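Here is what each chain is made of, one letter per residue.
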Amino acid sequence: MMAAESSATENYPADEHLETLALDSSPPASVAASTDPLLHPPPSPSSTSSHPAAAANHDAFIDEDGEADFVPVLPTPDAPVISREPSPEFYQITVSDPRKHEEAATGAAGVIPGSGSYFSYLVTTQIADGGEFCVRRRFRDVVALADRLAATHRGLFVPARPDKNIVEGHVMQRHDFVNQRCVSLQRYLCRVAAHPIVGRSDDFHTFLTEPSGIPTSEGESPRHNPAITATTPTAVTTPTTPAKGGRDIFGMFKDLKQTVANGLMAVRPPPVEEETDAKFLAHKAKLEELEQQLTATSQQAVALVKAHDDLKTTTALLGMTFLKLAKFEKGQSTCTPQRSRAADINNFANAAVKVSRSQSSLDAEIVKHLETIHKYLRMMTSVRNAFTDRSNALLHIQSLSSDLFTLHSRVAKLESVSSRGIDQERSRYQKVAELKETIRTAEDAKSHARKEYELIKENNMNEIKRFNKEIRQDLVGMMKGFVINQVEYSDKIATIWAKLAEETKGYADRSS
Amino acid sequence: MISAERSQSQSPRSPVAAAGAPFLSISVTDPVKMGTGVQSYISYRVITKTNLSEFEGGEKIVIRRYSDFEWLHDRLSEKFKGIFIPPLPEKNAVEKFRFSKEFIELRRQALDLFVNRIASHPDLKQSEDFRTFLQADEEKMDRARSYESGIFKKPADFLQMFKDVQSKVSDVVLGKEKPVEESTPEYEKLKHYIFELENHLAEAQKQAFRLVKRHRELGQSLADFGKAIKLLGACEGDSLEKVFSEVGSKSEMLSIKLQREADNLLFNFEEPLKDYVRAVQSIKATMLDRANAFRQHFDLDQERKYKELNLEKLKFMNPEKFSESELEFSELKAASEEATKRYDHIVSVMNEELARFQEQKTADIGLAFHEFAKGQAKLAKDIADAWRSVLPKLEACSTS
C-alpha cells in the first residue's frame, strides 16, 4: 500500500511549513554548498553583488503561491553561499576519508576473498550556528536513505542517488573508484540538502546527524524501477586517468554518462493511464524535449572543452619547443643575426607559454559553467521518477475502483438472491455484511488513494514550476559566466599577441 | 579557395625597380592538373619578365612541372658547389593529399620562392641552366631533362666518379669506416650546430602543424556547440530562446574565423618553418660536397707527396722510367692542385653563404613570428568582441 503519508503531506505550498521556517531563528544562510571545486564556479561578479540582496529578500521571500523570489546565485567552493531557499540547518556537507572495513561474510561471500569488505565514508555536516556533525556511513546506508526519501516524497523531484556500480570485490578496492564515490556522494547529499522540501526531511536529518545510522527500508521502493538497480550495465567504471596537468575533466563526465545510460535504459513504457490533465501533459512533453536537447548540448559541451584543452596543450608544447630552440641558438651563436634571432624566438616562446596559461584558466572556468547542463540532465531522472509516482498513484486508484466494482457486484448478486431458509438467510446476510465491511475499507482506501494522487499532482506541478524557473535562471547564469570568461581571457590573450606583433613589426616593414 | 599568400619576404621576391634599372621578375602561377590516374601531375606557368640582356626578351611564359624544377636544382647543385642551393618542396606527398587545394597552393608558393631565390643569388642567377629553365620551350626542356637525368654524363664526371669509387674502395680495403674528415674545432662546431638545428626545427614544425589542426578542431566543436545551444534555447522559449540563438550564431561565426586562422597559420607559420628545415637540409648537402672535396684534396695531396718522394729515388735508380714518371707526376700535381682549389673554393663560398643564411633566416623567422602574432591577436580580439556583444542581452535576460 501507500508509504508513510506523513511526509507526503509536507506539501509544497504549505505556507504553514514555510512560515515555520521563518520563525526559526535562521540567519540568512547558506545551504549545503558543494565544496567540490570541479563542479561549482567561483562567484561571478553578478552573483557576489546579489548576496546582500538575497539576505534582504529573506523575509520578503515568500509570495502567495509559495513560489519564492529566487535570487540567481552561483555557489562558491569556499565561501558560504546563499541559495534560493534558506535552509535552516545545513551549511556545508563534505564526504571524505574513505576507510576499508573487513566484514565477516557468510556463505559464498565468505569463501571468496575480499568480497566481505566494504568502505565507509565520513559525512561531515556543518550547521549555521557553527556546530558540526560527523557520522560514518556506507553506501548501503545511502541507498536506504534514497529509497526512503523517494517513498516519502512522492511527486517531488527527489535527487537521484549515485549509481551502485555493481562491481566485483576486487574492483571495489581501487583507489580511484573510492575517491570518485566520495565526490559523487558529496554531490548527492548537497543536492538533497538544496531541495526545499526533501532537504528538510527527518530522514535526511537523521542520516546526517545520528551516529547509529538510519533503519533500512524493507526493500520498499514503489518507484524504483528494478531495471535501474538490478540490471545496471556492468559498465564497470574503469576509473579514468586524470588529464595531465590538472583537472580530470573526463572523470566528472563519466558519472554523468552512466546516469544518462541508466536513464535511457530504465525507461519502461509507462503504465496505461488516463492522464487527462492537458496542462500537465504539455509540461511533460516540454520536459522530454528539454531532456533531449540537454543531452545533445552536454555532448557538445564535452567536445568543446576537450578541443579547448587540446589547443592549450599544443600551444604550451609549441612554447616549450621554441624555448629549447632559443636556448640552443643562443648557446651556439657566432654572429649578431643569430643572437637577435635567439632573442626573437625566446620572446615568441614566452608569449606562447603565457597564452597557454590563460587558456588553461579559461578552460577551468568553462568546465564549471557548462556543468550546469550536466546538473540539469542528471535531474531529469528525478523528474521522470516524480511522473512515475503520479501514474502509479493513478493506477492504484483505478485498481481500487475496479476492486470496488467487483465487490459491489458481488453484494448486488447476493442481495438479489432469494433465500431458502433461515440458515441460508443468515449466512447470506453475514456474507453481505462482510462484503459491505470490505467495501467500506476499500472505499476508505480509495479516498485515501485519491488524496494521495491529488497531492502528488500538486507536488508535480509545483516542482515543475520551480524547475522551470530555476533552469531558466541557471541557463542564463551559465551562459553569462561562459561569455564573461571568454571575453576576459580573450582580451588577455589578444594583448599578449598584440605586444609581440608590435615588437616584430620591423620584419614586416622590411619585407614589404 | 585558399588565397593566403605569404607576405613578401626580403630577397626572394623581385623588388619593384625604377624604370631603366635592371630587373628580373619571375612568378610561378596557375597550377593545373594534367593527365589522368597514376600518371597525372601538376603543371605550372612560369612567367619571366626582364630587361636583362642575357635573356631572350621582355616577357616569357613557359609551362613547367615539378621534375623540371628538380632538374634545375640538380644542375645547380652540380655546378655550384659550396652554395646553399635554395630548397625544393618535398617531392612525394601521400597520394590522397597530393591534389588537395592546400597542398597545391603550398607547393606553388614554395616553387615560386625557389626560382626567386635563385634569381636573387649573385652567382646562381648567372647559371645557363637557369636561363634554359626559364626560357626553353617545352620540347627542349624535356630533352634536357632526360639527357641529364639519364646515364649520359660528361667525361669529367666519369673521372670524378671513378676517383670517388677508388677512395671508397681504399677506405673499405684499408678498413677505414669513415672517409678522412676535416676536423677543425670551428667546423666541428658548425657541423654539430647544423645537425642539432635540424632536429629542433623539425620538432617546432611538428608542433606548428598540430596547432593548425587544433584550430580546425576547435572551430568544428564551437560550431556544433552553437547549434546545440540554439536548440536548447528553443526549448525554453521567449527571451531565453532569442539570446541563446544569438549565442549560437556567434559560436558559428567564430568557428569560421577559427578555420581561417588555421589556414593563416598553415601558410604563414608552419610553411616557413618547413622552409627553414629544408634550408638546413640544403646546408647538409653542401657539407657533404665539402667532405667529398676535402677527401679528394687530401687523397691527391697524399698521393702527390708519396709520388714526389719516389720520383727522387727513381731519378737515380732508373733514369729511363724517370721521364715517364715525371710526366705522370706533373699530371698528378695538377689534379691535386685542382682538387685543393676546389676544396678551398667551397670553404670560402660556404663562409659567405653562412653569413647570408644567418641574416636571411633571422628575417624569415622574424616575419613568421610577426604574422603569427598578428593573426592570433586578431582572432582573440574577434572572439572577445563577439562575446562582448552578446553580454547586454544576457544581462537583460537575467534581470527580467
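Every chain is numbered independently, its residues counted from 1 as its sequence is written. As they are written, the chains are lettered A onward and the ligands numbered 1 onward, keeping that order. This being a predicted model, a pLDDT of at least 70 is required before a residue's local features are given, and a value of 80 or more before pairs of side-chain atoms are given or counted; all residues contribute to the totals for chains, interfaces and linings. To get the side-chain values, all heavy atoms of the structure are used, and hydrogens and water are removed first.

A.B. asks: Help me out: how do you make sense of the overall build of chain B in this one?
C.D. replies: A helix here means a DSSP run of H or I that spans at least four residues, while a strand means a run of E at least two residues long, and both kinds are numbered starting from the N terminus. When its secondary structure is counted, chain B shows eight helices and three strands. The order of helices and strands in chain B, counted from the N terminus, is β-β-β-α-α-α-α-α-α-α-α. The proportion of buried residues among the 400 residues of chain B is 47%. Here a residue-residue contact requires only that any non-hydrogen atoms of the pair lie within 4.5 Å. Considering only residue pairs separated by 6 or more positions, chain B has 74% of its internal contacts joining residues 24 or more positions apart. Roughly 20,700 Å² of accessible area belongs to chain B as shown, and the carbon and sulfur atoms make up 56% of that amount. With a 1.4 Å probe rolled over the protein chains alone, any residue whose accessible area is under 20% of its type maximum counts as buried; one over 50% counts as exposed, and the rest are partly exposed. To be clear on the numbers: accessible area is Shrake-Rupley with a 1.4 Å probe, and residue cover counts the displayed protein chains and nothing else.

A.B. asks: I'm lost on the overall build of chain A in this one. Help?
C.D. replies: On a plain count of helices and strands, chain A comes out with 14 helices and three strands. Across the 512 residues in chain A, those meeting the buried criterion constitute 51%. Taking contacts inside chain A between residues at least 6 apart in sequence as the whole, the part at least 24 apart equals 80%. Roughly 23,700 Å² of accessible area belongs to chain A as shown, and the carbon and sulfur atoms make up 55% of that amount.

A.B. asks: Whenever I open this one, unusual backbone geometry confuses me. Can you help?
C.D. replies: Negative phi is the rule for most residues except glycine; trans is the rule for most peptide bonds. Residues and elements named next belong to chain B. Located in the positive-phi region is Asp-30, a residue other than glycine, with phi close to 60 degrees. Counting through the fold element by element, Asp-30 comes out in strand β1 (residues 24-34). Residue classification places Asp-30 among the partly exposed residues on the basis of a relative accessible area of 37%.

A.B. asks: What exactly am I supposed to notice about helix α7 (residues 175-194) of chain A here?
C.D. replies: Because each turn of an α-helix spans 3.6 residues, side chains separated by three or four positions end up pointing in the same direction. Taking 1.5 Å per residue, 20 residues should reach 28 Å; α7(A) reaches 29 Å between its end C-alpha atoms and fits that length. When you tally the buried positions in α7(A), you get 14 out of 20 residues, the bulk of the element. The span one expects for a helix is its residue count, reduced by one, times 1.5 Å.

A.B. asks: Just to check I follow, could you spell out the confidence of the model for chain A for this structure?
C.D. replies: All names here are of chain A. What pLDDT reports is the predictor's confidence in each residue, on a scale of 0 through 100. With 65% of its residues at a pLDDT of 70 or more, chain A has an overall mean of 74. Within the model, the stretch residues 213-248 combines pLDDT values under 50 with 68 contacts to residues more than four positions away or in other chains. A low-confidence stretch, residues 264-273 (pLDDT under 50), is modelled with 16 contacts involving residues beyond four sequence positions or located in other chains.

A.B. asks: I'm lost on the sheet that holds β1(B) in this one. Help?
C.D. replies: All names here are of chain B. Whether two strands pair comes down to DSSP finding at least two bridges between them. Strand order across the open sheet formed by three strands is β1-β2-β3, with antiparallel pairing between neighbours. Each of the sheet's edge strands pairs with one partner strand only, and the pair in question is β1 and β3 (59-65). Across the sheet, the mean angle from the axis of one strand to that of its neighbour is 20 degrees, orientation sign disregarded. Summarising the sheet, β1 and strand β2 (residues 41-50) pair through nine bridges and their orientation is antiparallel. Fitted lines through C-alpha atoms give the axes, limited to the stretch in contact for helices. The angle between two N-to-C directions lies from 0 to 180 degrees.

A.B. asks: Explain the pattern of salt bridges here, please?
C.D. replies: Close approach of charged atoms lets side chains of opposite charge pair. Residue and element names in this part refer to chain A. In what follows, salt bridge is the name for a side-chain nitrogen of Lys or Arg lying within 4 Å of a carboxyl oxygen of Asp or Glu. Tallied over the full model, the rule gives 52 salt bridges over all chains. Among the salt bridges present, the one from Arg-466 reaches Glu-463, with a minimum N-O distance of 2.8 Å. Here Glu-463 and Arg-466 lie together in helix α13 (residues 422-503), a separation of three residues that amounts to about one turn. One exposure class covers both Arg-466 and Glu-463, and it is buried.

A.B. asks: Quick question: what am I supposed to make of the interface of chain B and chain A here?
C.D. replies: Interfaces are often sized by the amount of accessible area the parts lose when they come together. Each partner contributes residues to the interface: chain B has 65 residues there, and chain A has 62 residues. Surface buried jointly by chain B and chain A totals about 5,600 Å² across both partners, of which 75% is contributed by carbon and sulfur atoms. The tally of links from chain B across to chain A stands at two salt bridges. Where Asp491(A) meets Arg388(B), a salt bridge forms, and the shortest distance between an N and an O atom there is 2.9 Å. Any N or O atom pair separated by 3.5 Å or less is treated as a polar contact, with the protein-specific requirement of one donor-capable and one acceptor-capable atom, and with residues adjacent in sequence counted only for side-chain atom pairs. One can count 17 residue pairs in polar contact (both at pLDDT 80 or more) joining chain B with chain A. Where the side of chain B that touches chain A is concerned, the elements lending two or more residues are α6 (185-236), α7 (238-317) and α8 (319-399) of chain B. Across the side of chain B that touches chain A, the residue classes break down as 34 nonpolar, 16 polar and 15 charged. Computed with a 1.4 Å rolling probe, the buried area is the accessible surface lost when two parts are put together, summed over both parts. Note on residue categories: nonpolar means Ala, Val, Leu, Ile, Met, Phe, Trp, Tyr, Cys or Pro, charged means Asp, Glu, Lys or Arg, and polar means any other residue, Gly included.

A.B. asks: Can you walk me through the environment of Glu236(B) in this structure?
C.D. replies: Checked against the element boundaries, Glu236(B) lands in helix α6. In this view, Glu236(B) contacts Lys286(A), Leu290(A), Asn468(A), Ile471(A), Arg472(A) and Leu475(A); residues no more than four positions away in its chain are not counted.

A.B. asks: Got a minute to help me understand the pairing of strand β3 (residues 132-138) of chain A in this structure?
C.D. replies: Consecutive side chains along a regular strand alternate between the two faces of the sheet. All names here are of chain A. In terms of strand pairing, strand β2 (residues 117-127) meets β3 through seven bridges, oriented antiparallel. Bridge pairing links Tyr-121 to Arg-137 in β3. Linking two consecutive strands that pair antiparallel, namely β2 and β3, is a turn of four residues; a positive phi of about 100 degrees is found at Gly-130 within it.

A.B. asks: Which parts of the structure should I look at to understand the nonpolar core?
C.D. replies: Burial of nonpolar side chains together is a common tendency in soluble globular proteins. Counting 110 residues, the largest nonpolar core has Phe322(A), Phe467(A), Trp497(A) and Phe269(B) as its most contacted members. Contributions of two or more residues to this core are made by α11 (278-332), α12 (336-416) and α13 of chain A together with α6, α7 and α8 of chain B. Among the elements that line this core, the one with the most residues is α8(B), at 21 residues. The contacts of Phe322(A), once residues within four sequence positions are left out, are Ile345(A), Phe348(A), Ala349(A), Ala204(B), Phe269(B), Leu273(B) and Phe369(B). In these notes, a set of buried Ala, Val, Leu, Ile, Met, Phe, Trp, Tyr and Cys residues joined through side-chain atoms within 4.5 Å is what counts as a nonpolar core.

A.B. asks: Before we go on, may I ask you to explain the side chain of Thr50(B) in this structure?
C.D. replies: Residues and elements named next belong to chain B. Along the chain, Thr-50 turns up in strand β2. Judged by its relative accessible area of 5%, Thr-50 falls in the buried class. Of the polar contacts made by the side chain of Thr-50, one reaches the backbone oxygen of Phe-23; its length is 2.9 Å. Within polar-contact distance, the side chain of Thr-50 engages the backbone nitrogen of Leu-52 at 2.9 Å. Discounting chain neighbours no more than four positions away, the residues touching Thr-50 are Phe-23, Leu-24, Phe-55, Gly-57 and Gly-58.

A.B. asks: Would you mind showing me how to read the pairing of β2(B) here?
C.D. replies: Residues and elements named next belong to chain B. In terms of residue burial, β2 counts as a mostly covered element, since seven of its 10 residues are buried. Judged from the seven bridges that link them, β2 and β3 form a sheet pairing that is antiparallel. Within the sheet, the bridge partner assigned to Ser-43 lies in β3 and is Arg-65.

A.B. asks: Help me understand the packing of α13(A) against α6(B) in this model?
C.D. replies: The geometry of a pair of packed helices is captured by two quantities: the angle between their axes and the separation between those axes. Close contact between α13(A) and α6(B) brings their axes to 11 Å; oriented N to C, the two are set at 150 degrees. As far as their axial angle goes, α6(B) and α13(A) are roughly antiparallel. Handedness of the α13(A)/α6(B) crossing: left-handed. When α13(A) is examined against α6(B), the residues Asn468(A), Ile471(A), Arg472(A), Leu475(A), Met479(A) and Phe482(A) are found in contact with a partner set consisting of Phe225(B), Ile229(B), Leu232(B) and Glu236(B). Across the contact of α13(A) with α6(B), the residue classes break down as seven nonpolar, one polar and two charged. Put simply, angles under 35 degrees are roughly parallel, angles over 145 are roughly antiparallel, angles from 65 to 115 are roughly perpendicular, and the rest are oblique. A clockwise turn of the near helix away from the far one marks a right-handed crossing, whereas an anticlockwise turn of less than a right angle marks a left-handed crossing.

A.B. asks: Sorry, what's going on with the confidence of the model for chain B here?
C.D. replies: The predicted coordinates ought not to be read in detail in places where the model reports low pLDDT. All names here are of chain B. Of all residues in chain B, 85% attain a pLDDT of 70 or more, and the chain-wide mean is 85. Mean pLDDT values over the elements of chain B span from 55, in helix α5 (residues 155-173), up to 95, in α6. Taken as a whole, residues 1-11 scores under 50 in pLDDT and shows 33 contacts with residues more than four places along the chain or in a different chain. The ipTM value of the predicted complex is 0.85, and its pTM value is 0.75.

A.B. asks: How do you make sense of the packing of aromatic side chains when you look at a structure like this?
C.D. replies: Two descriptors summarise a pair of aromatic rings, namely the distance from one centre to the other and the angle between the planes of the rings. Note on aromatic pairs: the rings of Phe, Tyr and Trp (six-membered ring only in Trp) are paired at centre separations within 6.5 Å, and the planes decide the class, stacked below 30 degrees, edge-to-face beyond 60, tilted for the rest. Enumeration over the complete set of coordinates arrives at 23 aromatic pairs over all chains. In textbook terms, an aromatic cluster arises when at least three aromatic residues are bridged by ring pairs, as seen for Phe322(A), Phe348(A), Trp497(A), Phe269(B), Phe369(B) and Phe372(B). Only when the NZ of Lys or the CZ of Arg is both within 6 Å of the ring centre and within 35 degrees of the ring normal is a charge said to sit over the ring. Across the ring face of Phe139(A), the terminal group of Arg181(A) is positioned such that the distance to the ring centre comes to 3.6 Å. Here the basic side chain of Arg64(B) rests over the ring of Phe133(B), its NZ or CZ set 5.6 Å away from the ring centre.

A.B. asks: So what exactly am I meant to see when it comes to helix α5 (residues 139-152) of chain A here?
C.D. replies: Look at α5(A): 20 Å from first C-alpha to last across 14 residues, which is about the 20 Å you get at 1.5 Å a residue. Along α5(A), the positions that sit buried rather than exposed are Phe139(A), Asp141(A), Val142(A), Val143(A), Ala144(A), Leu145(A), Ala146(A), Asp147(A), Leu149(A), Ala150(A), Ala151(A) and Thr152(A).

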